[in-house]
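The lines below spell out each chain.
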Amino acid sequence: AQTVTQSQPEMSVQEAETVTLSCTYDTSESDYYLFWYKQPPSRQMILVIRQEAYKQQNATENRFSVNFQKAAKSFSLKISDSQLGDAAMYFCASCSGSARQLTFGSGTQLTVLP
Amino acid sequence: GAGVSQSPSNKVTEKGKDVELRCDPISGHTALYWYRQSLGQGLEFLIYFQGNSAPDKSGLPSDRFSAERTGGSVSTLTIQRTQQEDSAVYLCASSLPRGAREKLFFGSGTQLSVL
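Summarised in this report is the structure supplied together with it. (Residues numbered from 1 in each chain as written. Chains lettered and ligands numbered in written order. Predicted model: local features only at pLDDT ≥ 70, side-chain atom pairs only at ≥ 80, totals over all residues. Heavy atoms only, no water.)

**Some points on the sheet that holds strand S6 (residues 65-69) of chain B**
All names here are of chain B.
Thinking step 1. Read across the open sheet, the four strands follow the order S1-S3-S7-S6; overall the sheet is antiparallel. A single partner strand is all that each edge strand has here, and the edge strands are strand S1 (5-7) and S6. The average undirected angle you get between the axes of adjacent strands in this sheet is 15°.
Thinking step 2. Bridge count between S6 and strand S7 (residues 75-79): five bridges; the pairing is antiparallel. Considered in S7, the bridge of arginine 69 is made with serine 75. (Pairing = 2+ DSSP bridges. Helix = DSSP H or I, 4+ residues; strand = E, 2+ residues; numbered from the N terminus. Axes fitted to C-alpha atoms, helices over the stretch in contact; angles between N-to-C directions.)

Written out as structure tokens, the structure is:
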């Protein structure tokens, strides 16, 4: 079974600054995938970034990047040049290569201050 | 439609009543998921459909919960004899065959309130 832990229920960041959201996971599988999903007030979850565990290079998507520490089972999300539109609930999630569904953390509510 | 569509957006019901929640996935997506999101919590997996294969029902919390997917497209989640603890947002997601390993496309959910 996989578990995902987000230890920061709430975070805030000043507009244009950088913020890092933490996530740790546990899995016994060697083939797995990690994700960050964003949930704005509209409730519609949107994929922010995806990382394949076998890849050593950290994934990046524009202002979003991850710090994937495989040995430590850590998968943090860095948001650079934060914008008001980044305000949302952020969920870390994992999926093993053999599994069919995502396991989600409890989420981090990000507030962006103008 | 262009995205995953769920209806109704909000549903208020009385304890003991049955409810049906509908999900219309993206055309061509063979995988369909239902998740439940309780207040302030993460998402809890309920059920997974993939093409014509038998669904994975391992996440359904009780036999009051059931789901079907007709013609490989629209799905209905049914909750019988609703209880107050069933109050939550029910999210549907669809994807291409590789499923959650790639990317899930979510609907905006149904907020269910059981009085």
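**A short note on the nonpolar core**
Residue and element names in this part refer to chain A.
Thinking step 1. Formed by 24 residues in total, the largest nonpolar core has its most connected members in Trp36, Phe75, Leu77 and Tyr90.
Thinking step 2. Among the secondary structure elements, those contributing two or more residues to this core are strand S3 (19-21), strand S5 (32-39), strand S6 (46-52), strand S8 (64-69), strand S9 (74-79), strand S10 (88-96) and strand S12 (108-113).
Thinking step 3. If near-sequence neighbours (up to four positions away) are discounted, tyrosine 90 is found in contact with Gln6, Leu21, Trp36, Tyr37, Lys38, Val48, Phe64, Leu77, Ile79, Gly107, Thr108 and Leu110. (Core = buried A, V, L, I, M, F, W, Y, C linked by side-chain atoms within 4.5 Å. Buried < 20%, exposed > 50% of the residue type's maximum accessible area, 1.4 Å probe, protein only. Contact = heavy atoms within 4.5 Å.)

**Overview of the environment of A:Pro40**
All names here are of chain A.
Thinking step 1. If you trace the backbone, proline 40 turns up in the loop between S5 and S6.
Thinking step 2. In this structure, the C-alpha to C-alpha distance between proline 40 and serine 82, residues 42 residues apart in sequence, is 15 Å.
Thinking step 3. Not counting the four nearest positions on each side in its chain, proline 40 is found in contact with Ile46 and Ala88.

**Topic: the pattern of salt bridges**
Thinking step 1. Applying the stated rule across the entire model yields seven salt bridges over all chains.
Thinking step 2. Among the salt bridges present, the one from A:Arg63 reaches A:Asp86, with a minimum N-O distance of 2.8 Å. On the criterion of sequence distance, the pair formed by A:Arg63 in the loop between strand S7 (60-61) and S8 and A:Asp86 in the loop between S9 and S10 is long-range, its members being 23 residues apart.
Thinking step 3. On the accessibility criterion, A:Asp86 (3% relative accessible area) is buried.
Thinking step 4. For B:Arg22, the salt bridge goes to B:Asp24, with nearest N and O atoms at 4.0 Å.
Thinking step 5. By relative accessible area, B:Arg22 is classed as partly exposed at 40%.
Thinking step 6. Looking at B:Asp24, the relative accessible area reads 27%, which means it is partly exposed.
Thinking step 7. Residues participating in the shared-partner salt-bridge network are A:Arg50, A:Glu52 and A:Lys55. (Salt bridge = Lys/Arg side-chain N within 4 Å of Asp/Glu carboxyl O.)

**Let's talk about the state of the cysteines**
Thinking step 1. Using the criterion set out here, one finds two disulfides over all chains in the structure.
Thinking step 2. Left unpaired, A:Cys95 is separated from the closest cysteine sulfur, that of A:Cys92, by 13 Å. (Disulfide = S-S within 2.5 Å.)

Just geometry here; none of it tells us what the structure is for.
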